[in-house]
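# Fold and contact review
Chain residues, written in single-letter form:
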Amino acid sequence: YANESITWEKSYKSNFAVELGLLDKLDIIAEYFTEHRTDIFMRRADIPNTMGLQAQVYGNIGEATAQGVDIQADYKQSWSNGLWASGRANFTYSTSKYKVYEEPTYPESYRQHAGRSLAQSWGYIAERLFIDDEDAANSPSQAAFGSPYGGGDIKYTDVNGDGVITEADRVPIGFPTSPEIVYGFGASMGYKGFDFSLFFQGMARESFWIDATSNYGSRTCGTGPFVNNTQLLKAYADSHWSEDNRDIYALYPRYSAYANYNNIQRSTWWMRDGSFLRLKQLELGYTLPQRLTQKVHIDNLRFYFQGNNLLCWSKFKLWDPELAGEGLNYPIQRTFNIGLNVTFK
């Protein structure tokens with residue numbers, strides 16, 4: 001529908017920074033930043049059905065804020081015996097929240113977006129798997145998902161206590177899907193032609209969800225077995241509910257040859273901690289003395305070994321956590337390089 005009042009979103013940013021140098025060895029840059037966004041373009045939610053509109057109505061009605069800190073430190077020092085060292089570290093912490101978000105006034109306050117992060121997710125609280133069909137029949141109804149459900153399917157918590165599992169039982173779960181903390185640190189050192197460096201990077205306060213849809217509809221990269229002739233992860237083969245092994249805390253619910261929508265709802269069952277620390281790069285080199293290279297008219301000759309993405313520490317073990325929920329996409333590569341740098345006079 002035509003709306004002549006639609007305009008640009010407005011963003012008001014402030015940055016306060018300080019740069020500090022100490023003894024020509026340590027440099028620190030610290031910054032505090034804020035952002036206030038108004039007139040965010042979003043769907044109107046207060047239009048009654050009795051108006052008879054056939055399309056959604058949008059307007060500049062949202063408002064949000066963000067703030068954070070960004071710190072970087074660099075250190076360098078050298079000694080008279082030829083030893084030198086340097087280090088670098090960076091740390092960013094950033095949060096956001098909606099101040100105005102048009103939506104119904106729900107009886108359940110946890111459903112409101114105002115005051116929550118822009119990257120907050122809502123989902124169901126998964127208690128466990130149903131032991132059997134009788135257990136499912138004696139629990140709050142989950143028929144709203146459409147698929148027949150029973151033993152081995154995910155059991156959700158009836159948060160508002162009305163006896164049925166509906167949208168009203170979706171609560172804020174996990175950290176935001178964008179990391180609130182990003183950091184890195186590394187060091188380099190050298191002595192008499194030898195040099196060594198390494199760098200770590202990491203993220204924290206981020207959640208992601210395993211994509212269990214497995215080609216349901218238009219999806220092309222899931223982890224659900226058998227549906228549309230997809231493959232089966234070994235981890236799910238080793239830990240899943242079955243009639244012979246009714247493990248209500250198995251890694252995967254019961255197998256199904258059809259799209260079981262009860263089990264692919266966004267919930268704490270598929271939620272994972274996206275925090276990780278990675279050894280991003282390591283390099284070891286040796287530069288031949290110039291008294292040797294100058295004889296063949298070479299100004300600099302350096303051999304080196306370099307490795308990328310060598311190690312990763314994370315609570316999540318199924319695949320590289322940096323891939324988040326799309327674990328069957330092309331993986332992040334671990335690479336090794338051996339090289340030679342030559343500079344001629």
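For the structure, see preceding data.
Overview of the structure. Given the structure is predicted, the values throughout are model-derived calculations rather than measurements. (Residues numbered from 1 in each chain as written. Predicted model: local features only at pLDDT ≥ 70, side-chain atom pairs only at ≥ 80, totals over all residues. Heavy atoms only, no water.)

## Comments concerning unusual backbone geometry
Non-glycine residue leucine 23 carries a positive phi angle of around 55 degrees. With respect to the element layout, leucine 23 can be found in the loop between β1 (10-22) and β2 (26-43). Residue leucine 23 is classed as exposed on the basis of its relative accessible area of 75%. (Helix = DSSP H or I, 4+ residues; strand = E, 2+ residues; numbered from the N terminus. Buried < 20%, exposed > 50% of the residue type's maximum accessible area, 1.4 Å probe, protein only.)

## Here we look at the pairing of β2
Pairing of β1 with β2 involves 13 bridges; the strand directions are antiparallel. Looking at β2, one finds that lysine 10 is bridged to threonine 38. Between β1 and β2, which follow one another and run antiparallel, lie three residues, and leucine 23 among them has a positive phi close to 55 degrees. Two strands pair when backbone bridges link them, and β2 and strand β3 (residues 58-78) are joined in this way by 16 bridges, in the antiparallel orientation. Considered in β3, the bridge of isoleucine 29 is made with glutamine 72. (Pairing = 2+ DSSP bridges.)

## Some thoughts on the sheet that holds strand β15 (residues 335-344)
Taken in spatial order, the nine strands of this open sheet run β1-β2-β3-β4-β9-β10-β13-β14-β15, and their pairing is antiparallel. Strand pairing shows two members of the sheet lacking a second neighbour, β1 and β15, which therefore form its edges. Averaged over all pairs of adjacent strands, the angle between their axes in this sheet comes to 10 degrees, without regard to strand direction. In this structure, strand β10 (residues 194-204) lies alongside strand β13 (residues 276-287), joined through ten bridges in antiparallel fashion. (Axes fitted to C-alpha atoms, helices over the stretch in contact; angles between N-to-C directions.)

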